[in-house]
Amino acid sequence: MHRVDRRVLLLVAVVAGLLCPGSASAARTAHAAQASTEVVALDRDLVRLNTSNPPGNEGQVANYMRDRLAPLGFEVDVIQTPTPGKAHLIARLRSAHPTGKPVLLSAHEDTVGVERELWSVDPFAGVISGDYLYGRGAFDDKGGIAVFATAAMRLARAHVPLRRDIVLVFEADEEGGDYGIEWLAEHHWDKLDAAYSLNEGGIISTDASGRPRLAAPTVRDKISLSVKLHTRGVSTHSSRPQPPSAIDRLARAMARISRHRSKPALSRLTRRYFRALARASRGKQAADLRRLARAKGSRRIERIARRVIRRSDFGPLVSALLRTTFTNTIVEGGFRSNVIPGAAEATVNMRLLPGVSGERAVRELRRTIADRRVKIEVGSADESAAEVYASVRKRQRIAASSTRTDLYAALAREVKRQYPGTVVTPALYEAATDAGPWRERGIPVYGLRPYLASSNDLVRMHGIDERVSIPALNQGTDMVERILRSVAMG
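The numbering scheme is per chain: residues are counted from 1 as the chain's sequence reads. Totals for whole chains, interfaces and linings use all residues, but because this is a predicted model, local features are given only for residues with pLDDT of at least 70 and pairs of side-chain atoms are given and counted only at 80 or more. To obtain the side-chain values, all non-hydrogen atoms of the structure were used and water was disregarded.

## Remarks on the sheet that holds strand E12 (residues 325-333)
Adjacent strands of a sheet form backbone hydrogen bonds with each other and so pair up, either parallel or antiparallel.
So, point 1. If you trace the four strands from one edge of the open sheet to the other, you get E12-E14-E10-E15, paired in antiparallel fashion. Both outer strands of the open sheet, E12 and strand E15 (375-377), are each paired with one neighbouring strand and no more. Within the sheet, the average angular offset between the axes of one strand and its neighbour, ignoring direction, is 25 degrees.
So, point 2. Whether two strands pair comes down to DSSP finding at least two bridges between them. Labels follow the DSSP assignment, with helices taken as runs of H or I lasting at least four residues and strands as runs of E lasting at least two, numbered in each case from the N terminus. In this sheet, strand E14 (residues 343-352) lies alongside E12 in antiparallel orientation, the contact comprising eight bridges. For helices, the fitted line uses only the C-alpha atoms of the stretch in contact; every axis is such a line through C-alpha atoms, and the angle between N-to-C directions lies from 0 to 180 degrees.

Shown next as structure tokens:
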């Protein structure tokens, strides 16, 4: 039996729906066609490969993708790291007569872990329910692998003439570890060099009705810096408490951190983002966003931002883009229910605005805790505090990616074509990505999740019942294919 292109199946289903608009069976056929496309099947297969990091075992994804890409003519390298089972994949679709450096698409193979007992479905089963594919990594970032790979595979099958190579890079240890993109760039930069790159990052967001409204390709990331808090106290029987215990002191410090809000600040990039978000909004919300984009002085910025946050479903994002954030993420202390422990510790993750040094962030943390008996540990046995601060300074010197490239132009054009009426603007990413090695070498990187996302979808990322929209996966693949045709074809 001849294989039928899934896009043909989808077209047939859509036509059936048009001919029989009242037919429930036609709707089911259309839904089944959406869910059976190559990109959905690929994302589902990847979810079923458990690459929770630690330990990662990302070699599963690298080997799986090698077997999918190599038969189509991609030159595939599976790069083993010093950790068994942990591997990167680099796949190149060569141009016969290149006229420029490659276009590179990057996504990560590993995921964060799961609180399995809190999920409503098996996080590694690739469950499809309604219009969504559920599973750890379905959105972050195996969906990105699936979209980028499927779009590139379409071009390989079509044997299109390329004027530049297309390179796919699927990375290990993005969620944490010793052998991530920095290690890969140090040892294999010749395979990673490119004219520009697409990576994870910004969101094509929807409003409450599901209508696309804003696409925000990220051109710079906030800097992540984690430190540990240590406290000491009297270790004794729990029937004879002698306050303050180590846990009590740590709890008070963490409560102060949770309540703390840094002074807000607006850069040229974030002002531009809020102006764009205003164009994508309505009524009082749009007016407040315009005021926020113009605001001067931290007090006025704070006052307007509070209104924006209170009235919108994207309040946490607005807050994150305005300030350096301090978040309690890990707590450790105690070993028996009848023993007051003599020590406790917590991890605080800070996300620094551009221009904020590590030293400045730690000083602010000390003032917030306001307790000299809570010790702040910067660095580790493998990296001194001085080295950590130097690394932050180096990353803060990396400039935002220029938007004056044909890749950014193609991205903006094709987003608007795929989702008419959507506003497109460059943005600061509130988290961190693997874009560093390219940006520090002056190579533009644009971070964009290549599928629509609602606020509900975003809450689930790194959380419970992570999911990705099936129609959005298909639409995103079509969009990325057109982007690649625009920048890579002769």
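## Quick notes on a positive patch on the surface
So, point 1. Taken together, the side chains of Arg272, Arg275, Arg279 and Lys416 define a basic patch exposed on the protein surface.
So, point 2. Looking at the positive patch, the element that brings in the most residues is helix H8 (residues 268-279), giving three residues.
So, point 3. Inspection of the secondary structure puts arginine 275 in helix H8.
So, point 4. Only protein chains enter the calculation, and the probe is 1.4 Å; a residue is then buried if its accessible area is under 20% of its type maximum, exposed if over 50%, and partly exposed in between. In this structure arginine 275 comes out as partly exposed when scored by relative accessible area, which is 42%. Note on patches: the residues involved have over 30% relative accessible area and no salt bridge, like charges join within 9 Å, and the nonpolar side chains Val, Leu, Ile, Met, Phe, Trp and Tyr join within 5 Å. For the area figures, the Shrake-Rupley method with a 1.4 Å probe applies, and any residue is considered shielded solely by the protein chains shown. In what follows, salt bridge is the name for a side-chain nitrogen of Lys or Arg lying within 4 Å of a carboxyl oxygen of Asp or Glu. Charged-residue counts in this description rest on Lys and Arg as positive and Asp and Glu as negative, His and the chain ends being excluded. The location of each charge is read from NZ of Lys, CZ of Arg, CG of Asp or CD of Glu.

## A few points about the environment of valine 167
So, point 1. Position of valine 167 relative to the elements: it lies in strand E6 (residues 166-171).
So, point 2. In this structure, the C-alpha to C-alpha distance between valine 167 and arginine 68, residues 99 residues apart in sequence, is 15 Å.

## What about the packing of aromatic side chains?
So, point 1. Only rings of Phe, Tyr and Trp enter the pairing, Trp through its six-membered ring, and a pair is recorded when the two centres are within 6.5 Å. The plane angle decides the type: under 30 degrees is stacked, over 60 is edge-to-face, the rest tilted. Applying the stated rule across the entire model yields six aromatic pairs.
So, point 2. Placement of a charge over a ring requires the Lys NZ or Arg CZ to be within 6 Å of the ring centre, with the centre-to-atom vector within 35 degrees of the ring normal. Taking NZ or CZ as reference, arginine 441 lies 4.1 Å from the ring centre of tryptophan 189, over its face.
So, point 3. We note arginine 467 situated over the ring of tyrosine 132; from NZ or CZ to the ring centre the distance is 3.7 Å.

## Section: the packing of helix H3 (residues 38-47) against helix H4 (residues 59-69)
So, point 1. Between H3 and H4, the shortest axis-to-axis distance is 11 Å and the interhelical angle comes to 150 degrees. The angle between the axes of H3 and H4 places the two elements in the roughly antiparallel class. Crossing geometry of H3 relative to H4 is assigned as right-handed. Counting all contacts with H3, which are made through Glu38, Leu42, Asp45 and Leu46, the residues of H4 involved are Val61, Tyr64, Met65 and Arg68.
So, point 2. Just so you know the grouping, Ala, Val, Leu, Ile, Met, Phe, Trp, Tyr, Cys and Pro go in nonpolar, Asp, Glu, Lys and Arg go in charged, and all remaining residues, Gly too, go in polar. Broken down by class, the residue content of the contact of H3 with H4 amounts to five nonpolar, no polar and three charged. In this scheme, roughly parallel covers angles under 35 degrees and roughly antiparallel covers those over 145, while 65 to 115 is roughly perpendicular and the rest are oblique. In this scheme the handedness of a crossing depends on how the near helix is turned from the far one: anticlockwise by less than a right angle means left-handed, clockwise means right-handed. By definition, residues are in contact when any of their heavy atoms lie within 4.5 Å.

## Quick look at the pairing of strand E18 (residues 445-453)
So, point 1. Within E18, nine of the nine residues are buried, which leaves it mostly tucked inside the rest of the structure.
So, point 2. Sheet topology note: the strand E7 (residues 196-206)/E18 ladder contains six bridges and is parallel. Across the sheet, the residue bridging to serine 205 is alanine 453, located in E18.

## Points about the packing of H3 against helix H5 (residues 142-158)
So, point 1. Where H3 meets H5, the closest approach of the two axes is 9 Å, and the angle between their N-to-C directions is 135 degrees. Between H3 and H5, the crossing angle belongs to the class labelled oblique. The two elements H3 and H5 cross, and the hand of that crossing is right-handed. Across the interface between the two elements, Glu38, Val39, Leu42, Asp43, Leu46 and Val47 of H3 pack against Lys142, Gly143, Ile145, Ala146, Val147, Ala149, Thr150, Met153 and Arg157 of H5.
So, point 2. A class-by-class count of the residues in the contact of H3 with H5 yields nine nonpolar, two polar and four charged.

## Brief notes about H8
An α-helix turns once per 3.6 residues; consequently, residues spaced three or four apart project the same way.
So, point 1. Multiplying 1.5 Å by the residue count of a helix minus one yields the expected span of that helix. Taking 1.5 Å per residue, twelve residues should reach 16 Å; H8 reaches 17 Å between its end C-alpha atoms and fits that length.
So, point 2. Within H8, burial applies to Leu269, Thr270, Arg271, Tyr273, Phe274, Ala276, Leu277 and Ala278.
So, point 3. Packing partners of the buried residues in H8 comprise strand E8 (212-215), strand E9 (218-221), helix H9 (283-294), helix H11 (315-322), strand E16 (423-424) and strand E17 (427-429).

## What about H3?
So, point 1. Across the ten residues that make up H3, a large majority, seven, are buried.
So, point 2. Turning to H3, its buried residues number three or more, namely Glu38, Val39, Val40, Leu42, Asp43, Leu46 and Val47.

## Details of a negative patch on the surface
So, point 1. A contiguous patch of negative charge, built from Asp178, Asp382, Glu383 and Glu387, is present on the exposed surface.
So, point 2. Looking at where glutamate 383 falls in the secondary structure, it is placed in the loop between E15 and helix H13 (385-396).

## Here we look at the pattern of salt bridges
So, point 1. Going through the model one piece at a time under the given rule, you end up with 34 salt bridges.
So, point 2. Linking aspartate 67 and arginine 66 is a salt bridge whose minimum nitrogen-to-oxygen distance equals 3.2 Å.
So, point 3. Measuring nitrogen to oxygen at the nearest pair gives 3.7 Å for the salt bridge that ties arginine 163 to aspartate 406. On the criterion of sequence distance, the pair formed by arginine 163 in the loop between H5 and E6 and aspartate 406 in helix H14 (residues 406-418) is long-range, its members being 243 residues apart.
So, point 4. Within the structure, one salt-bridge network assembled from shared partners comprises Glu75, Arg92, Arg94 and Asp165.

Read these as spatial facts, not as claims about activity.
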